[in-house]
Amino acid sequence: MNEVLQVKWIDGQVQDLTVCYIGGGSRGWAWGFMMDLASDPEMQGTVRLYDIDKNAALANQAIGEKISAHPDARSKWAYEVKDSLKDALIGADFVVISILPGTFKEMRSDVHAPESLGVYQPVGDTVGPGGFIRAMRTIPMFVPIAQAIRDYAPEAWVINYTNPMTLCMATLYRVFPQIRAFGCCHEVFGTQKLLAAMLQSECGIADVPRQQIRVNVQGINHFTWFDSASYEGMDLMPIYRAFAEKYHANGFFAGKDDNWMNSVFDCAHRVKFDLFLRYEQIAAAGDRHLAEFMGKTYLMSPEMAHEWKFSMTTVDWREQDLARRLKRSAALVSGEEQIEIVPSGEEGHLLIKALLGLSEMVSNVNLPNRGQIENLPLGAIVETNALFRRGEIRPVQAGAMAGSVLPLVTRHAQNQLNTLDAALNCDFKLAASTFINDPLMDGVSVSDGEALLRQMLIATQDYLPDGWKGVRS
């Protein structure tokens, strides 16, 4: 991954960049990315918007133009809506993928159908039965995206934000092995912020930017772990041990009131603390995600989740949230609500800058395992730090995962490899064994598991290839 883009430089600014943005109809990610671009004076160009919902792309175009014209914008970007993936991709320097696989109708089955068997999912988009079915319909969507990138923009750098992250990335690399793709996720950022809050709470060291918390990232998306953490040479592991012991029972609120659920994404970090005290490694994702990877340890019931102080993100809430964002989109397009440029806190545009040679940086990303985690399967999509610099992504050698957490992660990594094969080959037998092998399905009989799988495949059948037509039998 070391070929350099041929870009146009004028007065120290990279100009005439072309970014293809696939998806973005849910608005949130797209707006943040547009604001990040407008806030950066060192590059400008054109963003091509492609969405199967053209009206969503047109709305994002209108908002993007308003952002670019804002007096606080420090660079100018043109926004164009394209009618085909081909037209959006030809000549693109960078590709951003942020799609919603299916609708909330399918997601309702993903998240809530397993509850009939006592299986509860606070997210339902990465692992568990919901993550598996979401992958079954997402992988066929990513096959033509990978083929189009191969055919029309083979040299472009590709940034994926879509979940299930691991299976999306695996599909891109399976279809087009030479693709220059990486997956970005902000879950690690939240744990760095927790460590910064710990420094203030326990050591009186205030206002530490999360980027100054140095961590070694190991694992798979949404199930990442730190085996080391430091700040200005200070080893944070023993401090975190005392911190976890202190707040294990009641949770930590980072200066907020004692209402840990200020939003559905908040938690009191009790799951993180419990995992550290059990495994001596810092679990580095939100508690909602971590709980799903651990089976029923924290998820025997919604009441148990509440006791551990993390949220169950229902589909009802997601529908209401989308309605709010669509309403806001209309207000921004009409001018009823004024644009305010606020950085997103994501790193996508910074990684673009690094690949252009405007900077160098290290960030956690999802890439095929070429040995950066030496005891996870080669070729599996893993999450580690990587160095980004001009024309190159160099994964950091993260070493071997500790024996305490390796079995937990390996089970999921192998399930994800099998999930990809089951989806691409429409293989019900492999799908069933993988579906039932998820830790959340522990205690569910094979017959009940297969029946649930059929039910959930039927619920999402509009998005499945023809090879699944016999699923009812």
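Structure shown above.
All values derive from a computational prediction rather than experimental measurement.

(A) Structural detail: the overall build of the protein. Helices and strands together make up the secondary structure of the protein, namely 16 helices and 14 strands. Since a compact globule built from 473 residues should have a radius of gyration of about 23 Å, the 22 Å found for the protein is in line with a globular shape. Residue burial in the protein is summarised as follows: out of 473 residues, 58% are buried. Here the contacts in the protein between residues at least 6 apart in sequence split such that 71% fall between residues at least 24 apart. Taken as a whole, the protein presents about 18,600 Å² of accessible surface, with 50% of it coming from carbon and sulfur. The averaged location of the 56 negative side-chain charges in the protein is 3 Å from the averaged location of its 43 positive side-chain charges.

(B) Quick look at the packing of helix α7 (residues 187-203) against helix α8 (residues 237-247). For the pair α7 and α8, interaxial distance at closest approach is 11 Å and the crossing angle is 80 degrees. The angle between the axes of α7 and α8 places the two elements in the roughly perpendicular class. Two secondary-structure elements touch here, α7 through L194, L195, M198, S201, E202 and C203 and α8 through I239, Y240, F243, K246 and Y247. Here the contact of α7 with α8 is built from residues that sort into 8 nonpolar, 1 polar and 2 charged.

(C) Just the nonpolar core, in detail. If you look at the biggest cluster of nonpolar residues, it comprises 128 residues, and the most contacted ones within it are V95, I97, F182 and F388. Broken down by element, this core gets its largest block of residues, 11 residues, from helix α5 (residues 128-152). Residue contacts for F182: discarding those within four places in its chain leaves W157, V158, I159, N160, M169, L351, L355, V365, N366, L367, F388 and I393. Of all hydrophobic cores here, the second largest spans 26 residues; its members include M198, Y231, F276 and A284.

(D) Main features of the packing of α8 against helix α9 (residues 270-279). At a minimum axis distance of 9 Å, the contact between α8 and α9 shows a crossing angle of 120 degrees. For the element pair α8 / α9, the angle class is oblique. Note that α8 runs across α9; the crossing there is left-handed. The residues of α9 that touch α8, namely those facing M237, Y240, R241, F243, A244, E245 and Y247, are K272, F273, F276 and L277. Counted by class, the contact of α8 with α9 contains 8 nonpolar, no polar and 3 charged residues.

(E) Broad picture of unusual backbone geometry. With an omega dihedral of 5 degrees, the bond running from N163 to P164 counts as a cis peptide bond. Its location among the elements puts P164 in the loop between β6 (157-160) and α6 (165-175). Notably, H222 is not glycine yet its phi reads approximately 70 degrees, a positive angle. Mapping H222 onto the fold places it in the loop between β8 (214-220) and β9 (223-231). Take H222: its relative accessible area is 3%, and that puts it in the buried class. In the Ramachandran plot, E280 falls in the positive-phi region, its phi being about 65 degrees despite a non-glycine side chain. Structurally, the position occupied by E280 is in the loop between α9 and β11 (282-283). A relative accessible area of 35% means that E280 is categorised as partly exposed.

(F) Representation of the packing of aromatic side chains. One pass over the structure, following the stated rule, counts 14 aromatic pairs. Summarising the aromatic geometry, the rings of Y21 and F33 are spaced 5.9 Å apart at their centres and angled 50 degrees between planes, so their arrangement reads as tilted. Of the two residues, Y21 is situated in strand β2 (residues 13-23) and F33 in helix α1 (residues 28-38); the sequence distance between them amounts to 12 residues. For Y21, a relative accessible area of 3% corresponds to the buried category. Geometrically, the ring pair formed by F223 and W225 is edge-to-face, given 5.5 Å between the ring centres and 70 degrees between the ring planes. Judged by relative accessible area, which is 0%, F223 ranks as buried. W225 sits in the buried class, given a relative accessible area of 0%.

What counts and how
Residues numbered from 1 in each chain as written. Predicted model: local features only at pLDDT ≥ 70, side-chain atom pairs only at ≥ 80, totals over all residues. Heavy atoms only, no water. Helix = DSSP H or I, 4+ residues; strand = E, 2+ residues; numbered from the N terminus. Rg over C-alpha atoms; globule rule 2.2 N^0.38 Å. Buried < 20%, exposed > 50% of the residue type's maximum accessible area, 1.4 Å probe, protein only. Contact = heavy atoms within 4.5 Å. Areas by Shrake-Rupley, 256 points an atom, 1.4 Å probe, with all protein chains shown as cover. Lys, Arg positive; Asp, Glu negative; His and termini not counted. Charge placed at Lys NZ, Arg CZ, Asp CG, Glu CD. Axes fitted to C-alpha atoms, helices over the stretch in contact; angles between N-to-C directions. Parallel < 35°, antiparallel > 145°, perpendicular 65-115°, else oblique. Nonpolar A, V, L, I, M, F, W, Y, C, P; charged D, E, K, R; others polar. Core = buried A, V, L, I, M, F, W, Y, C linked by side-chain atoms within 4.5 Å. Left-handed = near helix turned anticlockwise from the far one by under 90°. Phe/Tyr/Trp six-rings, centres within 6.5 Å; stacked < 30°, edge-to-face > 60°.

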